[in-house]
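Residue strings, one per chain:
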Amino acid sequence: MTKLQVPTERVLANLRQAAATLEGEALDATSSHFGRKPKLVLIASVSDARTRAICATGVGNSLDTAWRAAIAHLRKRIPDENRWRWIKIDVLHSIRVATPPEVLAELSGRRRNYFRHGIAFDPNFNTALLEQELNGIAAWVCDAGRPLGLNFERINRYLQTSRKQPPLSSGVQQLPAWYLFDTKSLFSDRTGEVRILADCGFGQGLRAAPMVADEIENLIDNAGMYLTRQMRDDGSFVYGYFPAYDAVIPTYNILRHCGTLYAMLEAWEATGNGEIGRHVPRGIDQVLRTAMRRDGERLFVVDHANHGEIKLGAQAVLVLTIAKFASLTRDARYLPVGRALAKGIVDRFLDAASGAFVHVLQGDTLTVKDRFRIVFYDGEAVLALLRLHEIDRDPLWLTSAIKAFEHFIRTDHWKHHDHWLAYCANEITRYHPEQRYFEFGLKNGFGNLPFIRERETAYPTFLELLMATLLLVDTMKTTGNPLPPPFDVRALVEAIDHRAEHQRFACFYPEIAMYFKAPQKIAGSFFSRHHAFRVRIDDVEHFISGYCLYLHNVVRIRRRMARQRET
């Protein structure tokens, strides 16, 4: 249900009231910098959701004077307040003075875009730029072989065009000091609801959101709708963006096309939003129309954008998508294609003697091009065969999956700690609940827990790996297989909760999307911070998949248990 829109004046009044609670602390925190006449520094940002936010700084001896200065400047820049759809207020609450070499040295030890402070290049904060502004214009330089630095050409262009301020002098890097600052932040849209944003940690600058069912469903729904917006009329996708300048990623990958369709089906299932699901057949038809090669009773997915290769992964993920579509809709129209694709996997990719897969075939000759390309393909293929068997009960798919899984065990494939292996380990033990199958899945999932727990990037397949492992533990309980002592389920669940929250910090909520060139285009998607906030359909796909598992198997179970305790 759409919330009512309120006048901009009401939104500003609500923000002004919330900002008043920050005034005393802000004046105290910055008094050592400004001396006996303390000042409050406030940065107001406004976006119409279609274009990059306009930002204005107000400096005064009180919140009132700083507020009036910043808002007056914004009104000059954007007189039509109906365009003030997203409004964010940042109040400085700490200032640290550092020389340019000290700042650059601090940058050199960080990943790109993981420097979490604003920077001013003058002591009066006339040139104060928020962390989000710097990220939004791709101000960080990360040339090969050189430490992270600042791109002053981009900063000056931004100051002149967006801030309407003069450029920094050519001697900015020789100044005696720069001024690093942190803020306490408030955000509101036209509903008038004020959100207090986190002021520290990986979620800095983003809204607090308890990981309850409604929030997870919103994340999934927004991401699913983002994917539907990327689908063109012909069923292909816009592959992705570098959002600082709304640059479209020109490459394409048919495997990721298929995986995106699969995630859209998961999002539809999780949220009940039929608008997401109804686009999937158009995407499947696009593959069948443009990327199919027939060889007798077998079909193959040809990746024309990548040298006409036939990849095991693309073959498998299309089978997964077809199986998911059939199970959700009871529409069997694509099942003959799924069986022909699976026959191609068994006949051309799987070694009947060893159980090993080859990974890539030449599209024109169907001969082996690469025996190994990436470990993901193996688990995808086994899972595809198992999911198809679940629908049509053809024993060929199950026996082939078992043969491949035996190869995984012999070769210690668990050392890859791969989410697809976790998926197929959980699935295959439902048919063959053998202890060594369980042990393989447990080692695959538990063996990397410390690394996963400490990883600073969002990396969404971690949540998938952990959730599939938790499902495996549940399968062990239902089949009467004891859990060996070294595997700590509490540590697994703690890591799951941590990753579910941590990857939320990669969501393009409005309060961060507004600083990029085309905010509405990326809102609700997920980004890769260390890749210049890149958004790609396959990344969004994995965020959706992990959250769907988390919603179904953790959040909703906890909600049900809480209700039972109440009654």
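Residues numbered from 1 in each chain as written. Predicted model: local features only at pLDDT ≥ 70, side-chain atom pairs only at ≥ 80, totals over all residues. Heavy atoms only, no water.

Q: Hey, could you go over the overall build of the chain for me, with residue numbers and the actual values?
A: Counting its secondary structure elements, the chain contains 23 helices and 16 strands. Compactness check: the chain gives a C-alpha radius of gyration of 26 Å against a globular reference of 24 Å for 567 residues, within 12% of the reference. Looking at the chain alone, contacts between residues at least 24 apart form 71% of all its contacts between residues at least 6 apart. Entry remark: accessible area of the chain is about 23400 Å², with carbon and sulfur atoms responsible for 51%. For the chain, the distance from the average position of its 73 positive side-chain charges to the average position of its 64 negative side-chain charges is 3 Å. (Helix = DSSP H or I, 4+ residues; strand = E, 2+ residues; numbered from the N terminus. Rg over C-alpha atoms; globule rule 2.2 N^0.38 Å. Contact = heavy atoms within 4.5 Å. Areas by Shrake-Rupley, 256 points an atom, 1.4 Å probe, with all protein chains shown as cover. Lys, Arg positive; Asp, Glu negative; His and termini not counted. Charge placed at Lys NZ, Arg CZ, Asp CG, Glu CD.)

Q: Any chance you could break down the sheet that holds strand S10 (residues 247-248) for me, citing the residues and the numbers?
A: The sheet built from three strands is open, its strands ordered S10-S9-S16 with antiparallel pairing. Of all strands in the sheet, those bounded by a partner on one side alone are S10 and strand S16 (535-536). The pairing of strand S9 (residues 240-242) with S10 spans two bridges and is classified as antiparallel. Note on S10: the bridge partner recorded for Tyr241 is Val248. (Pairing = 2+ DSSP bridges.)

Q: Which residues make up the environment of Val280, and what values do they have?
A: Relative to the assigned elements, Val280 resides in helix H11 (residues 280-290). Overall, the relative accessible area of 0% leaves Val280 in the buried class. Each C-alpha atom, one on Val280 and one on Thr260, is 9.3 Å from the other, the two residues being 20 residues apart in sequence. When neighbours within four sequence positions are excluded, Val280 is seen to be in contact with Leu261, Met264, Leu265 and Phe325. (Buried < 20%, exposed > 50% of the residue type's maximum accessible area, 1.4 Å probe, protein only.)

Q: Any chance you could break down the packing of aromatic side chains for me, citing the residues and the numbers?
A: Counted by the stated rule, this structure contains 25 aromatic pairs. Ring centres of Phe526 and Phe543 lie 4.2 Å apart, and the angle between their planes is 10 degrees; this geometry places the pair in the stacked category. On the criterion of sequence distance, the pair formed by Phe526 in the loop between helix H22 (519-522) and S16 and Phe543 in helix H23 (residues 537-566) is long-range, its members being 17 residues apart. Looking at Phe526, the relative accessible area reads 1%, which means it is buried. Taken together, the aromatic side chains of Phe34, Phe125, Tyr179 and Phe181 make up a single cluster linked through ring pairs. For Arg455, the ring lying beneath its charged end belongs to Tyr459, and the centroid distance is 5.8 Å. If you follow Arg529 out to its NZ or CZ, it ends over the ring of Tyr114, 5.6 Å from the centre. (Phe/Tyr/Trp six-rings, centres within 6.5 Å; stacked < 30°, edge-to-face > 60°. Lys NZ or Arg CZ within 6 Å of the ring centre and 35° of its normal.)

Q: Describe in detail the sheet that holds strand S15 (residues 368-370), supporting the description with residues and values.
A: Taken together, the five strands give an open sheet; going across it, the order is S11-S12-S13-S14-S15, and neighbouring strands pair in antiparallel fashion. The two strands at the open ends of the sheet, each matched to only one other strand, are strand S11 (292-295) and S15. Averaged over all adjacent pairs, the angle separating strand axes in this sheet is 45 degrees, with direction ignored. One ladder, built from two bridges, connects strand S12 (residues 298-303) with strand S13 (residues 309-311); its direction is antiparallel. Looking across to S13, one finds that Val302 is bridged to Ile310. (Axes fitted to C-alpha atoms, helices over the stretch in contact; angles between N-to-C directions.)

Q: Could you give me a rundown of the side chain of Thr30, with the residues and numbers involved?
A: In this fold, Thr30 is placed in the loop between helix H2 (23-29) and helix H3 (31-34). Owing to a relative accessible area of 3%, Thr30 belongs among the buried residues under this scheme. When sequence neighbours within four positions are dropped, the list of residues in contact with Thr30 reads Lys39, Leu92 and Ile95.

Q: Report on the state of the cysteines, specifying residues and quantitative values.
A: A full pass over the atoms with the stated rule returns zero disulfides. Unpaired in this structure, Cys548 has its nearest cysteine sulfur neighbour in Cys507, at a distance of 14 Å. (Disulfide = S-S within 2.5 Å.)

Q: Summarise the packing of helix H17 (residues 435-446) against helix H19 (residues 461-479); cite the residues concerned and give the values.
A: Where H17 contacts H19, the two axes come as close as 9 Å, and the packing angle between them is 150 degrees. It follows from the interaxial angle that H17 and H19 lie roughly antiparallel. Pair H17 / H19 crosses with left-handed handedness. Two secondary-structure elements touch here, H17 through Gln435, Phe438, Gly441, Leu442, Asn444, Gly445 and Phe446 and H19 through Leu465, Leu466, Thr469, Leu472, Val473, Thr475, Met476 and Thr479. When its residues are assigned to classes, the contact of H17 with H19 shows eight nonpolar, seven polar and no charged. (Parallel < 35°, antiparallel > 145°, perpendicular 65-115°, else oblique. Left-handed = near helix turned anticlockwise from the far one by under 90°. Nonpolar A, V, L, I, M, F, W, Y, C, P; charged D, E, K, R; others polar.)

Q: Provide a residue-level description of unusual backbone geometry, including the pertinent values.
A: Most peptide bonds take the trans form, and the phi angle of most residues other than glycine is negative. You will see that Lys164, though not glycine, has its phi angle at about 55 degrees, which is positive. Summarising the element assignment, Lys164 is placed in the loop between helix H7 (152-161) and strand S7 (178-188). A positive phi angle is found at Asp412, which is not glycine, with a value near 50 degrees. Mapped onto the elements, Asp412 comes out in the loop between helix H15 (395-410) and helix H16 (419-428).

Without other data, these values stay purely geometric and don't point to any function.
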